Amino acid sequence: MSAKSVFQEEKNPRGIPKAPFIANVEEYLGGPDGAVETPLKNFQDAIAKYRYMDANLTQQRKGLEDKIPDIRKTLHMVEFLQEKREDKDKNGDLEDDLSDEENSDNPKKLPTTTFELNDTLFAEAELEDTDTVYLWLGANVMLSYKLSEAASLLRSKLDLAEASLKATIEDLEFLREQLTVMEVNTARVYNWDVKRRRERRLAGEADGK
């Protein structure tokens with residue numbers, strides 16, 4: 001019996017194979033004299049593969065759960081800048097000129113924000129009127145985008161990350177179900193073998209009397 005025969009052809013949407021439940025151990029082993037060593041080893045190999053996938057997906061889930069709030073926060077900031085820019089365009093230059101004349105000695109204060117320099121250090125900055133932002137794309141690459149383009153890109157990335165997180169959580173739940181099935185299979189085969197050995201021992205003792 002090969003290790004491949006442990007897995008069923010049925011898979012989940014991301015291609016993770018489903019584990020079979022061994023309802024009839026004797027039939028699965030090929031009869032009352034079937035060997036258990038190879039099936040048990042195959043079960044352990046299958047469990048190891050499921051646990052490896054579980055570890056990878058758990059790490060992937062953590063990365064997405066860290067990434068999504070950052071994308072959402074960046075998108076909110078871009079939308080804020082976009083809203084301020086649109087409000088200014090609607091009001092026009094006339095209102096700005098009147099405001100400048102009335103407040104020539106007290107110019108309008110620019111909005112301020114804080115930005116992260118590293119994990120524990122933040123700095124304060126004034127937000128000048130702009131229609132361009134710079135986004136980190138990873139691998140030390142930063143590109144400039146118009147506000148509308150940046151918002152569209154970030155929404156796309158957020159939707160993709162949230163869909164990926166949902167699929168990852170579903171895969172983790174599916175994997176843990178398969179791990180449980182394989183552990184139950186292992187226990188059933190082991191217990192069946194213990195029972196068979198005991199019955200044979202008792203039968204041998206009865207024949208010797």
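The rules behind these values
Residues numbered from 1 in each chain as written. Predicted model: local features only at pLDDT ≥ 70, side-chain atom pairs only at ≥ 80, totals over all residues. Heavy atoms only, no water. Helix = DSSP H or I, 4+ residues; strand = E, 2+ residues; numbered from the N terminus. Buried < 20%, exposed > 50% of the residue type's maximum accessible area, 1.4 Å probe, protein only. Contact = heavy atoms within 4.5 Å. Areas by Shrake-Rupley, 256 points an atom, 1.4 Å probe, with all protein chains shown as cover. Patch = residues over 30% accessible without salt bridge, like charges linked within 9 Å, V, L, I, M, F, W, Y side chains within 5 Å. Salt bridge = Lys/Arg side-chain N within 4 Å of Asp/Glu carboxyl O. Phe/Tyr/Trp six-rings, centres within 6.5 Å; stacked < 30°, edge-to-face > 60°. UniProt positions renumbered as here; feature names shortened; annotations may be inferred. Pairing = 2+ DSSP bridges.

Undergrad: Talk me through the overall build of the protein chain; I want residue IDs and the actual numbers.
TA: Counting secondary structure elements, the protein chain contains three helices and four strands. The secondary structure elements of the protein chain, listed N-terminal to C-terminal, are α-α-β-β-β-β-α. Going through the 209 residues of the protein chain one by one, you find that 27% of them count as buried. Partitioning the intrachain contacts of the protein chain with sequence separation of at least 6 by distance along the chain shows that 66% fall at a separation of at least 24. Counting every atom, the protein chain has about 14800 Å² of accessible surface; 51% of that belongs to carbon and sulfur.

Undergrad: Describe a nonpolar patch on the surface, listing the residues and the values that go with them.
TA: A contiguous nonpolar surface patch, about 270 Å² in accessible area, is contributed by F115, L117 and L121. Counting through the fold element by element, L117 comes out in strand β1 (residues 112-118).

Undergrad: Give a description of the packing of aromatic side chains that names residues and reports values.
TA: Here the structure, examined in full by the defined rule, presents two aromatic pairs. Ring geometry for Y28 and F43: centres 6.0 Å apart, planes at 35°, overall tilted. Here Y28 is found in helix α1 (residues 25-29), whereas its partner F43 is found in helix α2 (residues 37-102), with 15 residues between them in sequence. Under the relative-accessibility criterion, Y28 is labelled partly exposed at 21%.

Undergrad: Hey, could you go over the UniProt feature "coiled-coil region" (unreviewed entry) in the protein chain for me, with residue numbers and the actual values?
TA: Residues annotated in UniProt with the feature "coiled-coil region" (unreviewed entry) correspond here to residues 158-185. Secondary structure within residues 158-185 divides into 100% helix and 0% strand; the distance between the first and last C-alpha atoms comes to 40 Å.

Undergrad: Describe the pairing of strand β2 (residues 121-126), listing the residues and the values that go with them.
TA: Of the strand pairs in this sheet, β1 and β2 are connected by six bridges, and their pairing is antiparallel. Residue T112 lies in a different strand from β2, and its bridge partner there is E126. Taking the residues that link successive antiparallel strands as the turn, the β1-β2 hairpin has two residues.

Undergrad: Describe the side chain of Q178, and please don't skip the residues or the numbers.
TA: With respect to the element layout, Q178 can be found in helix α3 (residues 147-208). When neighbours within four sequence positions are excluded, Q178 is seen to be in contact with P17, K18, A19 and Y50.

Undergrad: Lay out the pattern of salt bridges with the relevant residues and their values.
TA: With the rule as written, the count across this model stands at 14 salt bridges. Its salt-bridge partner being K18, residue E10 comes within 3.9 Å of it at the nearest N-O pair. The class of E10 is partly exposed, set by a relative accessible area of 46%. In this structure, R196 and D193 form a salt bridge, with 2.9 Å as the shortest nitrogen-oxygen distance. Remark: D193 and R196 occur in helix α3; sequence separation between them is three residues, near one turn of the helix. Across this residue pair, the class does not change: R196 and D193 are buried.

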